[in-house]
Protein chains: 2
Amino acid sequence: MRVESPIVVALGGNAISRPDQLGDIPQQFENTRRTARHLADLIESGGQVLITHGNGPQVGHVLRCVELAARELYRLPLEVCGAYTQGGMGYMIAQCLRNELRSRGIDRDVTAVITSVEVDPADPAFQNPTKPIGSFYRKDKAEELAREYGWKLVSIPRQGYRRVVPSPLPKAIVEIELIRRLAQAGELLVVAGGGGIPVVRDAEGNYRGIEAVIDKDRTAGLLAAAVQAATLLIVTNVDRVALNYQQPNERPIERMTTSQAQQYLAQGHFPAGSMGPKIEAAVDFLENSQRPDAAAVICGLEKMIEALERRSGTWIVTDHSPTA
Amino acid sequence: MRVESPIVVALGGNAISRPDQLGDIPQQFENTRRTARHLADLIESGGQVLITHGNGPQVGHVLRCVELAARELYRLPLEVCGAYTQGGMGYMIAQCLRNELRSRGIDRDVTAVITSVEVDPADPAFQNPTKPIGSFYRKDKAEELAREYGWKLVSIPRQGYRRVVPSPLPKAIVEIELIRRLAQAGELLVVAGGGGIPVVRDAEGNYRGIEAVIDKDRTAGLLAAAVQAATLLIVTNVDRVALNYQQPNERPIERMTTSQAQQYLAQGHFPAGSMGPKIEAAVDFLENSQRPDAAAVICGLEKMIEALERRSGTWIVTDHSPTA
C-alpha cells in the first residue's frame, strides 16, 4: 500500500453517528470504536494519519438542547456549539483510537486540538445562507425566530421550517503551524472537527467567531494541502463515486483527473448536498498541492486500505500526475 | 520579576464568568478579553505560561440545557459535558489571548488541547460523592432522578435538592507527553480545562470516561509538577490567602512553607469548598516538584505580576527552599 505520510482522513458522519440510530453517546462510542479499528489498521500499515471529521448530528443535538432550554438559559452562538462538539468528539475519537492502538501493543498518543478556520466575510455564502441546521419549526415559531434573532428560515416540504446558515469556504486554518509541525513529527491528531470553528478577522485584525458552518470536506482539502499530505482520504458511505448516481445507467468511477472531475461537476453528476463538496475538496487539494504524486481518494470506511492499494474507492489525481 | 519558565496559570471561574452576571457568551468573552490582557502582561514580561481553567458555570449550563431537553433528546454523560466545555472555553481563551498578543505586536499561536485526566476507580470519592452540580430540584423530581439514573442528590437548605458527584484526585494527565514537549518548546497552550475529562483504565487497560468532576486546582498542581514548572500561579478572587478568613482576627499570609500550610489546613483555616483545594494543590505540587526553587503563588487576577514580584499574593515554598 501507499505509505507516504501524512494521509489526511476526513471521516463522514456515519463513522460516528449512523442515520438509523437514535445516536446517543453510547452508540456514538460504539461506532467510533469500530471506526478506530479501521484507522488503526491504516496506522499499522504504516500510514501517518491526520484525522478530521464531520459533526452534523452532534452540533444539531447541541443546538436543539440549547433551543429547548432557551426560555431559562442563555443561548450558545453557532460557532461556540461547533467548538463544544470539537471538544466532545475530539475526546471520543482520540480515546477510542488510543485504546485500539494500545490493545495492539502500539503505545501512541492521539490528541485532539481545538481548531478555528478563517473564512472571508465577503464570501457570497453570507448573502445566501443555504446550510440547514437544528430543529424544524411551525410557521409561527419560524417567524418569531426570524424576528427575534435575525435568522433566515426556509420551508421544507412536509417537515416545517428550518434555519439555514451560511456555509463559506475555508480560507486558512488558524492553528496550522502547530498542526503541521506535529503532523510532520508523526503525532496522531484529531483536528478541525466539523470543518473547524468559523472565524473572521475584524478591522483590527482580531479573530472573532461568526455564525456559519464550514463544509468539513472543504476544510479537509485545505488541511491536506497545508500539511503537504500525499493523500486526502475522504471516507463516506459509498465505496466509489458514481456517474448517474442511483440511476439505471449508474457507473462507478475508479479513477479520474481533476479536469475530468470538474467536467462531471459541471454536468451535474455530483449534487451540492452530498458528493459535490467532496469532489470540490479533492480538486481544491490537488490544485493547491505541491506534490506531483498527490491523490485524493473517496472510499467507504471499511475500504480505506483497499482504496489506498487501488482495489476500491475513487482516485482523483492531477492532470499532470505521473500516474494520470 | 521571576521569569523562569514555565509558569502554570490556573484561572478561577471569575476569570471567565462573574457571579454577579447572567454569564452568557458575550459576557464570558468580555471577561476573557480582560483576563487575556493580564495574561499578555505576564507573557510580555517573559513568562512562559501554560494555562488551565475552571468550568463550573459552563458545565452547569450544559448540564441544565441537557436536562431541560431530556424529554426529547439524548443526555450527555458528565464527562462528555466536560469535554464540550473544554472545546468551547479553550476556543474562547485561546482566541482572546491570541488577539491580545497580536494587538501588542506579538505574533504567537495559542492552542487549546483536549485533555483527559486519569483518576483511580478506588478513590474514596466514588463512595462518597460531595461535589454539587447542575440544577436544583424539588423533592419528588430528585427522587425520580435518583431512581432513574442512580444519581445521589442532597438537600440544600432553602434551595432544594441537587446532584452530587464524586470529585476524585487526579492521578495522571493522559496527554502529558505532548503537553510537556510543547510547553518546553515555548508553545502557549490551554489545557486540562475544568480539571480535565475524568477517565479510568478498565481491566483491559483501556481508558473510559467516568461521571466525576476533578478539582481544577488539583489538576493544575499535577500539571505543574509534570512540566517541571517553576511556579504554579493559582488565580482567584482574593489577593492573598488568609488565616481566620472573614473573621475579626483575619490575617493575610504573605508567605508560608508547605509544613505551615499543612498545619493551617489541619487547623481548619482553609475550607474544603474554597481555599482548601488550592492549598492542597500547592502543597502537592511542591512535594512532587524536582525543582528546589519551585513556588506556588495564590493571587488575584489583576495582581499576577505583582505577585510574581512578591508584592502581592501568598507564596508557598518547600521547607527546604533556598528562600524558605
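Residues numbered from 1 in each chain as written. Chains lettered and ligands numbered in written order. Predicted model: local features only at pLDDT ≥ 70, side-chain atom pairs only at ≥ 80, totals over all residues. Heavy atoms only, no water.

1. Some words on the overall build of chain A
And step 1. Of regular secondary structure, chain A possesses 9 helices and 17 strands.
And step 2. Taken against the 2.2 N^0.38 rule, which gives 20 Å for 324 residues, the C-alpha radius of gyration of chain A at 19 Å falls within 12% of a compact globule.
And step 3. Across its three principal directions, the C-alpha atoms of chain A cover 55 × 45 × 45 Å.
And step 4. With 324 residues in all, chain A has 60% of them scored as buried.
And step 5. Of the contacts formed within chain A by residues at least 6 apart in sequence, a portion of 72% connects residues at least 24 apart. (Helix = DSSP H or I, 4+ residues; strand = E, 2+ residues; numbered from the N terminus. Rg over C-alpha atoms; globule rule 2.2 N^0.38 Å. Buried < 20%, exposed > 50% of the residue type's maximum accessible area, 1.4 Å probe, protein only. Contact = heavy atoms within 4.5 Å.)

2. Brief notes about the pattern of salt bridges
And step 1. Per the counting criterion, the structure on display carries 34 salt bridges over all chains.
And step 2. Residue B:Glu100 is joined to B:Arg104 by a salt bridge in which the shortest nitrogen-to-oxygen separation is 2.8 Å.
And step 3. Because the salt bridges share partners, they merge into one network encompassing A:Asp41, A:Glu44, A:Glu100 and A:Arg104. (Salt bridge = Lys/Arg side-chain N within 4 Å of Asp/Glu carboxyl O.)

3. Focus: the relation of the copies chain A and chain B
And step 1. Expressed as a screw transformation, the operator carrying chain A onto chain B has a rotation angle of 180 degrees and an axial translation of 0.0 Å, and the superposed copies differ by an RMSD of 0.0 Å. As the rotation angle and translation indicate, the two copies are arranged about a two-fold axis.
And step 2. Both copies contact each other with a shared surface, as 100% of the interface residues of chain A are interface residues in chain B too. (Least-squares fit on C-alpha atoms with pLDDT ≥ 70 in both.)

4. A look at the pairing of strand β4 (residues 116–119) of chain A
Residues and elements named next belong to chain A.
And step 1. A two-sided burial pattern is seen for β4, the buried positions comprising Ser116 and Glu118 on one face and Val117 and Val119 on the other.
And step 2. The sheet contact formed by β4 and strand β10 (residues 197–201) spans 3 bridges and is parallel. Note that in β10 the partner of Val117 across the bridge is Pro198.
And step 3. Pairing between β4 and strand β8 (residues 170–173): 3 bridges, direction antiparallel. Paired with Val117 across the bridge in β8 is Ile173. (Pairing = 2+ DSSP bridges.)

5. Quick notes on the sheet that holds strand β8 (residues 170–173) of chain B
Residue and element names in this part refer to chain B.
And step 1. Read across the open sheet, the 4 strands follow the order β8-β4-β10-β11; overall the sheet is mixed. Among the strands making up the open sheet, the edge pair consists of β8 and β11 (207–209). Between one strand and the next, the sheet's axes are offset by a mean angle of 45 degrees, whatever the strand orientation.
And step 2. With respect to the sheet, helix α6 (residues 216–226) is in contact with β4 (116–119) and β8, its orientation differing from that of β8 by roughly 50 degrees. (Axes fitted to C-alpha atoms, helices over the stretch in contact; angles between N-to-C directions.)

6. Details of the packing of helix α2 (residues 56–68) of chain A against helix α3 (residues 78–103) of chain A
Residue and element names in this part refer to chain A.
And step 1. Between α2 and α3, the shortest axis-to-axis distance is 9 Å and the interhelical angle comes to 125 degrees. In terms of orientation, α2 lies oblique with respect to α3. The element α2 and its partner α3 pack so that their crossing is right-handed. Residues Gln58, Val59, Val62 and Leu63 of α2 lie in contact with α3, whose contacting residues are Leu78, Cys81, Gly82, Thr85 and Met89.
And step 2. Class assignment for the residues of the contact of α2 with α3 results in 6 nonpolar, 3 polar and no charged. (Parallel < 35°, antiparallel > 145°, perpendicular 65-115°, else oblique. Left-handed = near helix turned anticlockwise from the far one by under 90°. Nonpolar A, V, L, I, M, F, W, Y, C, P; charged D, E, K, R; others polar.)

7. As for the interface of chain A and chain B
And step 1. In this complex, chain A contributes 52 residues to the contact, which on the side of chain B involves 52 residues.
And step 2. Counting the surface chain A buries against chain B, the share from its top three residues, A:Tyr74, A:Tyr84 and A:Tyr91, is 17%.
And step 3. If you look at where chain A meets chain B, you find 4 salt bridges.
And step 4. Of the charged contacts in the structure, one is a salt bridge between A:Glu72 and B:Arg64, with a shortest N-O distance of 3.8 Å. (Buried area = accessible area lost by both parts, 1.4 Å probe.)

8. Quick notes on unusual backbone geometry
And step 1. Phi is positive for A:Asn244, close to 50 degrees, though the residue is something other than glycine.
And step 2. With respect to the element layout, A:Asn244 can be found in the loop between β13 (242–243) and β14 (251–252).
And step 3. The backbone of B:Arg158 shows a phi angle near 65 degrees, a positive value even though the residue is not glycine.

9. Section: the packing of helix α1 (residues 25–44) of chain A against α3(A)
Residue and element names in this part refer to chain A.
And step 1. It is the contact of α1 with α3, at a shortest axis distance of 8 Å, that shows an interaxial angle of 55 degrees. It follows from the interaxial angle that α1 and α3 lie oblique. As for how α1 packs across α3, the hand of that crossing is right-handed. Of the residues in α3, those in contact with Gln28, Phe29, Thr32, Arg33, Ala36, Arg37, Leu39, Ala40 and Ile43 of α1 are Tyr91, Met92, Ile93, Gln95, Cys96, Leu97, Glu100 and Leu101.

10. Description of the environment of A:Glu100
All names here are of chain A.
And step 1. Along the chain, the position of Glu100 falls in helix α3.
And step 2. A C-alpha to C-alpha distance of 23 Å links Glu100 and Gly194, two positions 94 residues apart in sequence.
And step 3. Not counting the four nearest positions on each side in its chain, Glu100 is found in contact with Ala36, Arg37 and Ala40.

11. Describing the environment of A:Arg311
Residues and elements named next belong to chain A.
And step 1. Assignment of secondary structure puts Arg311 in the loop between α9 (304–308) and β17 (314–317).
And step 2. Along the chain, Arg311 and Glu254 lie 57 residues apart, while their C-alpha atoms are 8.8 Å from each other.
And step 3. Looking at Arg311, its side chain comes within polar contact range of the side chain of Glu309, at 2.5 Å. (Polar contact = N/O pair within 3.5 Å; in protein donor to acceptor, adjacent residues only side chain to side chain.)

12. A closer look at the confidence of the model for chain A
And step 1. Scored by pLDDT, chain A comes out at a mean of 94, with 98% of its residues at no less than 70.
And step 2. Our summary of model confidence lists the complex with pTM equal to 0.96 and ipTM equal to 0.95. (pLDDT = per-residue confidence, 0-100.)

13. Focus on the packing of aromatic side chains
And step 1. Taken as a whole and assessed by the stated rule, the structure comprises 7 aromatic pairs over all chains.
And step 2. Taken together, a centroid distance of 6.3 Å and an interplanar angle of 85 degrees make the contact between A:Tyr84 and B:Tyr84 edge-to-face. Of this pair, A:Tyr84 sits in helix α3 while B:Tyr84 is found in helix α3 (residues 78–103), placing the two residues in two different chains.
And step 3. Between the aromatic rings of B:Tyr264 and B:Phe270, the centroid separation amounts to 6.3 Å while the plane-to-plane angle is 90 degrees, which identifies the pairing as edge-to-face.
And step 4. Assessed through its relative accessible area of 15%, B:Tyr264 is described here as buried.
And step 5. The ring of B:Tyr207 carries B:Arg201 above its face, with NZ or CZ at 4.4 Å from the centroid. (Phe/Tyr/Trp six-rings, centres within 6.5 Å; stacked < 30°, edge-to-face > 60°. Lys NZ or Arg CZ within 6 Å of the ring centre and 35° of its normal.)

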